[in-house]
Amino acid sequence: MLNDRLLVSVDGDPAERRSSAGIVIPATAAVGKRLAWASVVAVGQHVRQVELGDRVLFDPEDRAEVELAGSTYLLLREKDVHAVAAPRGTGEGTGLYL
């Protein structure tokens, strides 16, 4: 990875979602701008606030897809990340911070 780039793996199937009651919402349903979560697989040498294994929140429209060894990943710039959820080392609470 080069500069401020992140290689991420998208959590779940971005095409469809489930409501809190378990109802499947198809990809064709019209919704407002929706951000997505992904897990960081690799980071560039100039990335300062994100580490391997972190979960990041980003806008799915600002992405470039890459296929490596049969798996699809997304390539993002660090500035395109809206939030980072990383496990805490204390072992208490929810284990995530935003």
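Residues numbered from 1 in each chain as written. Predicted model: local features only at pLDDT ≥ 70, side-chain atom pairs only at ≥ 80, totals over all residues. Heavy atoms only, no water.

As for the side chain of Asp54
What counts is decided by this rule: Helix numbering and strand numbering both begin at the N terminus, where a helix is a DSSP run of H or I of at least 4 residues and a strand a DSSP run of E of at least 2. Here the term buried applies to any residue with accessible area under 20% of the maximum for its type, exposed to any over 50%, and partly exposed to those in between, with areas from a 1.4 Å probe on protein chains only. The positive count covers Lys and Arg only, the negative count covers Asp and Glu only, and His and the chain ends enter neither. By convention in these notes, a salt bridge is any Lys or Arg side-chain nitrogen within 4 Å of a carboxyl oxygen on Asp or Glu. Whenever a nitrogen or oxygen atom comes within 3.5 Å of another N or O atom, the pair is scored as a polar contact, on the condition that within protein one atom can donate a hydrogen and the other can accept it, and that pairs from neighbouring residues in sequence are kept only if both atoms are in side chains.
By secondary structure assignment, the location of Asp54 is in the loop between strand S4 (36-43) and strand S5 (55-58). The side chain of Asp54 sits in the buried core without any salt bridge; Arg55 is the nearest counter-charge, 9.6 Å away. Within polar-contact distance, the side chain of Asp54 engages the backbone nitrogen of Glu51 at 2.9 Å.

A short note on the sheet that holds S5
What counts is decided by this rule: Two strands qualify as a pair provided that DSSP identifies no fewer than 2 bridges between them. A fitted line through C-alpha atoms serves as each axis, taken over the contacting stretch for helices, and the angle formed by two N-to-C directions is quoted from 0 to 180°.
One open sheet holds the 6 strands; their spatial order is S6-S7-S1-S4-S5-S8, and the pairing between them is antiparallel. Both outer strands of the open sheet, strand S6 (64-68) and strand S8 (81-85), are each paired with one neighbouring strand and no more. Within the sheet, the average angular offset between the axes of one strand and its neighbour, ignoring direction, is 40°. Where strand S1 (residues 5-10) lies against strand S7 (residues 71-77), 4 bridges are found, and the strand directions are antiparallel. Pairing of Arg5 across the sheet is with Arg77, part of S7.

Overview of the pattern of salt bridges
Scanning the entire structure with this criterion turns up 2 salt bridges. Notably, a salt bridge pairs Asp4 with Arg5, separated by 3.3 Å at the nearest N-O pair. In this structure, Arg77 and Asp4 form a salt bridge, with 3.3 Å as the shortest nitrogen-oxygen distance. One end of the pair, Arg77, is in strand S7; the other, Asp4, is in the segment before S1, and 73 residues separate them in sequence. Classification of Arg77 by relative accessible area gives partly exposed; the value is 33%.

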